[in-house]
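Structural description and commentary
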Amino acid sequence: FVGKLSDSVSRKWLLGLTCLAWSTSTFAAGQIDNYGVFSAMRLSLGFFSVAAIPPALGLIRDIFPANFQSRAVGIYLSSDPIGCALSSLTLLVIE
């Protein structure tokens with residue numbers, strides 16, 4: 001759905017809206033004390049983080065030259081596991 005939408009509307013605006021919705025879901029999930037609403041916010045968090053991928057990949061295709069696109073996509077797609085690994089290291093700092 002979002003892939004088709006990113007081909008028909010501005011990718012910049014769509015990426016901005018999904019990032020705004022993702023940030024709002026993250027904030028709301030941290031502020032809510034009801035488990036049902038928290039679960040709904042976590043579900044929306046997953047949806048909006050995945051919804052950002054098609055417009056981001058489209059922007060990479062538009063911005064970078066063809067000989068650098070595969071490297072740019074690799075850097076973009078590896079940012080999530082690298083971020084998760086680095087955030088796990090914070091457990092060593094917090095005692």
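Here's a quick rundown of the structure. (Residues numbered from 1 in each chain as written. Predicted model: local features only at pLDDT ≥ 70, side-chain atom pairs only at ≥ 80, totals over all residues. Heavy atoms only, no water.)

**Observations concerning the packing of aromatic side chains**
Our working definition: Within 6.5 Å between ring centres, the rings of Phe, Tyr and Trp (the latter by its six-membered ring) count as paired, and their orientation is classed by plane angle as stacked under 30 degrees, edge-to-face over 60, tilted in between. Residue burial is assigned from relative accessible area. The probe radius is 1.4 Å, only protein chains are included, and a residue is buried under 20% of its type maximum, exposed over 50%, and partly exposed in between.
Scanning all chains against the criterion turns up two aromatic pairs. Ring centres of phenylalanine 47 and phenylalanine 48 lie 5.2 Å apart, and the angle between their planes is 70 degrees; this geometry places the pair in the edge-to-face category. Take phenylalanine 47: its relative accessible area is 47%, and that puts it in the partly exposed class.

**A word on the pattern of salt bridges**
The test is simple: A carboxyl oxygen of Asp or Glu within 4 Å of a side-chain nitrogen of Lys or Arg is what we treat as a salt bridge.
All told, the structure shown has one salt bridge when counted by the stated rule. One salt bridge in this structure joins arginine 61 and aspartate 62, with 3.8 Å as the shortest N-O distance. By relative accessible area, which is 49% here, arginine 61 ends up partly exposed.

**Some remarks on helix α3 (residues 35–51)**
Heads up, the rule is: Only DSSP runs of H or I covering at least 4 residues are called helices, and only runs of E covering at least 2 are called strands; the numbering of each starts at the N terminus. Here a helix's expected span is defined as the number of its residues, less one, multiplied by 1.5 Å. Read the arc as the range of directions from the helix axis to the C-beta atoms. Pairs of N or O atoms within 3.5 Å make up the polar contacts considered here, provided that, within protein, one atom can donate a hydrogen while the other can accept it, and that residues adjacent in sequence are counted only when both atoms are side-chain atoms.
In a regular helix each residue adds 1.5 Å, so 17 residues correspond to 24 Å; α3 covers 24 Å between its end C-alpha atoms and thus fits that length. Among the residues of α3, Ser44, Leu45 and Ala51 are the ones counted as buried. The arc that holds the buried residues of α3, viewed along the axis, is 130 degrees, so those residues lie on one side. Exposed positions of α3 whose direction lies more than 90 degrees from the buried face are Tyr35, Leu43 and Val50. N-capping of α3 is provided by asparagine 34, with a side-chain oxygen placed 3.1 Å from the backbone N of glycine 36.

**Considering the environment of leucine 77**
You can see leucine 77 is positioned in helix α5 (residues 69–93). Assessed through its relative accessible area of 45%, leucine 77 is described here as partly exposed. In the structure, leucine 77 is positioned 24 residues away from isoleucine 53 in sequence and 8.9 Å away in space, judged by C-alpha atoms.

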